[in-house]
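The residues making up each chain are set out below.
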Amino acid sequence: MNFMQRKIYILFWVCLVSLSAYSQDRRSYCEAKLKEATRAYEEGKINDVSRFLIDEDCLKELDKNKRAEAYRLLTMSGLYTDNQAMSYKNMEQFIRLKISPKFALNRGKGEGGEAPEFLELYDKFNVKPVYLYGLKLGVTYSLVQPTTVFSVDNNSVPGVYTPRIGFLIGGMFDLPLTENLHAGAEAYYATRGFVHTDSVLNFAQTEFTERQSIIEIPLYARYIFGTLESNFRPFLSAGIFGNFLLSANAEVIRNDRVGSGDTETRREVEKLTVSMAQQRQKIGFGAILGTGFMLKTAAGFFTLDVRYNLGLSNLVNKSNRGIDDILVNRYGYIDDNMLMSPISFSVGFYLPKYNPRLKKQHRKNTSFKKDRNRKKKGKSKRKRRARK
């Protein structure tokens, strides 16, 4: 490192330390101003509250909790002086900083309880989540129901279908329509599958194992019991789903019976791996029935969901049934018409999105609304001037 590089390096660290020290000093200064504003309010010097906090440009220097305390003081000052625009504006900022699923004002009448006029103004704002969004993951257990049997030997018995366990992972969106009725949508990647065991010509047994991957989109309505204040809320859901097949692969094993009686043995034919994508419908659909619960936490809502997806579309592409000659002629396998109805068990976490604003019945004829509209018009004018 040459002399010039050392100078630049030292200068950089001096500037960094100086900036950090200034930031710390500024924060300490503003915290002292907040204490002065609190003292001024308690002594009835209401105009000094705004001077200490706003004129000194201290709000942005305070941490989240102290900034909320400052907005509370400004709201109370606006209520005290009957300055509606000031009280409404600062209440909105207070709520934005404090709102969370478990946040609640102290409505007690003793020490620490909020002033009645502060509670009255707070109740004029919508503090419910506008919508919820999150992630989920879980497992699937795919039940298969044959509807029409096909076989190479005209056997009318469908064989045995055994479900396989898969998994799912994806996103969730929830829109509250009322306190109890919500609309929901999801999109997730899922795997599913089954094992089909069947006999062929009374001397062989085939074991067909299929694994699929899909993208699924459920749409549903959900009725959630309890109130917004409840920590534990069970729900029932019902709706529809659609899915798109990404892949379908299978492994087939044929075991031939050799000999009879005490000398009977089984001989395994070489395992076949085959793509079944052409013989499967690309798009499927069905109905949803589910239940579960939502658990309120400080950051959001934990959810557990148990769901039955009733398949209503045939899994098999009829026009391509049996197009694989080796699968049909050598292994004696051909698809039945079938429906797949997975049971899923999933957990997830919702984050709430809030947009605190005056409730509709309180927005009319308020100077706060006019003030906000005036600001919007001012911004539009400035944009027009900038274009010119």
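For the structure itself, look to the data block above.
Conventions used here
- Residues numbered from 1 in each chain as written.
- Predicted model: local features only at pLDDT ≥ 70, side-chain atom pairs only at ≥ 80, totals over all residues.
- Heavy atoms only, no water.
- Helix = DSSP H or I, 4+ residues; strand = E, 2+ residues; numbered from the N terminus.
- Buried < 20%, exposed > 50% of the residue type's maximum accessible area, 1.4 Å probe, protein only.
- Contact = heavy atoms within 4.5 Å.
- Areas by Shrake-Rupley, 256 points an atom, 1.4 Å probe, with all protein chains shown as cover.
- Disulfide = S-S within 2.5 Å.
- Phe/Tyr/Trp six-rings, centres within 6.5 Å; stacked < 30°, edge-to-face > 60°.
- Salt bridge = Lys/Arg side-chain N within 4 Å of Asp/Glu carboxyl O.
- Axes fitted to C-alpha atoms, helices over the stretch in contact; angles between N-to-C directions.
- Parallel < 35°, antiparallel > 145°, perpendicular 65-115°, else oblique.
- Left-handed = near helix turned anticlockwise from the far one by under 90°.
- 1 Å grid on protein atoms, 1.4 Å probe; cavity = no way out; pocket = protein on both sides within 12 Å on 5 of 7 lines; lining within 4 Å.
- Points joined across faces, edges and corners; volume = space filled by probe spheres on them.
- Core = buried A, V, L, I, M, F, W, Y, C linked by side-chain atoms within 4.5 Å.
- Polar contact = N/O pair within 3.5 Å; in protein donor to acceptor, adjacent residues only side chain to side chain.

Asks: Even after reading the chapter, I still don't get the overall build of the protein chain, so can you show me in this structure?
Replies: Looking only at helices and strands, the protein chain features eight helices and twelve strands. The 388 residues of the protein chain split such that 38% are buried. Nonlocal contacts in the protein chain, meaning residues at least 24 apart in sequence, comprise 72% of its contacts between residues at least 6 apart. Looking at the protein chain as shown, the accessible area adds up to about 22400 Å², and 56% of this sits on carbon and sulfur atoms.

Asks: I'm lost on the state of the cysteines in this one. Help?
Replies: Throughout this description, disulfide means a covalent bond between two cysteine sulfur atoms. Tallying each qualifying case throughout the model produces one disulfide. A disulfide bridge connects C30 with C58, and the sulfur atoms are separated by 2.3 Å. Torsion about the S-S bond of the C30 and C58 cystine: about -75°, corresponding to left-handed handedness. In this pair, C30 is assigned in helix α1 (residues 3-42) and C58 in the loop between α2 (46-55) and α3 (64-80), connecting sequence segments 28 residues apart. Accessibility expressed as a relative area gives 0% for C30, which makes it buried.

Asks: Got a minute to help me understand the packing of aromatic side chains in this structure?
Replies: Remark: the centre distance and the inter-plane angle together describe each pair of aromatic rings, the angle taken between the planes. This model, assessed by the stated rule, comprises 13 aromatic pairs. Aromatic pair Y161 and F194: ring centres 5.9 Å apart, planes at 50°, arrangement tilted. Residue Y161 is located in strand β3 (residues 160-163), and its partner F194 is located in strand β5 (residues 181-200); the two are separated by 33 residues in the primary sequence. For the pair formed by Y161 and F194, the shared burial category is buried.

Asks: Can you help me understand the pattern of salt bridges in this one?
Replies: Between side chains of opposite charge, a pair can form as their charged atoms come close. Under the defined criterion, the tally for this structure stands at 15 salt bridges. The residue R222 makes a salt bridge to D174 at a minimum N-O spacing of 3.6 Å. Separated by 48 residues along the polypeptide, R222 in strand β6 (residues 204-224) and D174 in strand β4 (residues 165-176) bring together distant segments of the chain. Comparing R222 with D174 shows no difference in burial state: the two are buried. With a shortest N-O distance of 3.9 Å, E251 and K271 are connected by a salt bridge. Linking E251 in strand β7 (residues 232-258) with K271 in strand β8 (residues 265-275), this pair joins segments that are 20 residues apart in sequence. Overlapping salt bridges bring together K136, D174, E186, R222, D305 and R307 as one network.

Asks: I'm lost on unusual backbone geometry in this one. Help?
Replies: Excluding glycine, residues mostly carry a negative phi; peptide bonds, for their part, are mostly trans. One non-glycine residue, D82, lies in the positive phi region at around 60°. As for its placement among the helices and strands, D82 is situated in the loop between α3 and α4 (84-98).

Asks: In this structure, what is going on with the packing of α3 against α4? I would like to understand it.
Replies: Each pair of packed helices can be summarised by the angle the axes make with each other and by the distance between the axes. Across the interface, α3 lies against α4 with an axial gap of 8 Å and an inter-helix angle of 155°. With respect to each other, α3 and α4 are oriented roughly antiparallel. The two elements α3 and α4 meet at a crossing, and its hand is left-handed. Taking contact as the criterion, the partners of K64, N65, R67, A68, Y71, R72, L74, T75, S77, G78 and L79 in α3 are, on α4, M86, S87, N90, M91, Q93, F94, L97 and K98.

Asks: What exactly am I supposed to notice about the layout of surface pockets here?
Replies: One simple way to see leftover space: roll a probe sized like a water molecule over the atoms. Of the volumes computed, that of the largest pocket is approximately 860 Å³. Those elements giving two or more residues to the lining of the largest pocket turn out to be β1 (125-126), β2 (129-148) and β9 (283-296).

Asks: Mind showing me how you'd approach the nonpolar core here?
Replies: Among soluble globular proteins, nonpolar side chains are generally buried collectively. Grouped together as the largest cluster of nonpolar side chains are 32 residues, with contacts concentrated most on L53, L74, M91, F94, I95 and F118. The set of elements that each furnish at least two residues to this core consists of α1, α2, α3, α4 and α5 (116-122). Not counting residues up to four positions away in its chain, the partners in contact with L53 are K33, L34, A37, C58, L59, A70 and L74. Y161, I214, V252 and L327 belong to the second largest nonpolar core, which has 23 residues in total.

Asks: Sorry if this is basic, but what is going on with the side chain of T75 here?
Replies: On the secondary structure map, T75 appears in helix α3. Taking the relative accessible area as the measure of exposure, T75 reaches 0% and is therefore buried. One polar contact links the side chain of T75 to the main-chain carbonyl oxygen of Y71, over a distance of 2.8 Å. From its side chain, T75 meets the backbone oxygen of N90 in a polar contact 3.5 Å long. Contacts of T75, omitting those with residues within four sequence positions, involve S87, N90, M91, F118 and L121.

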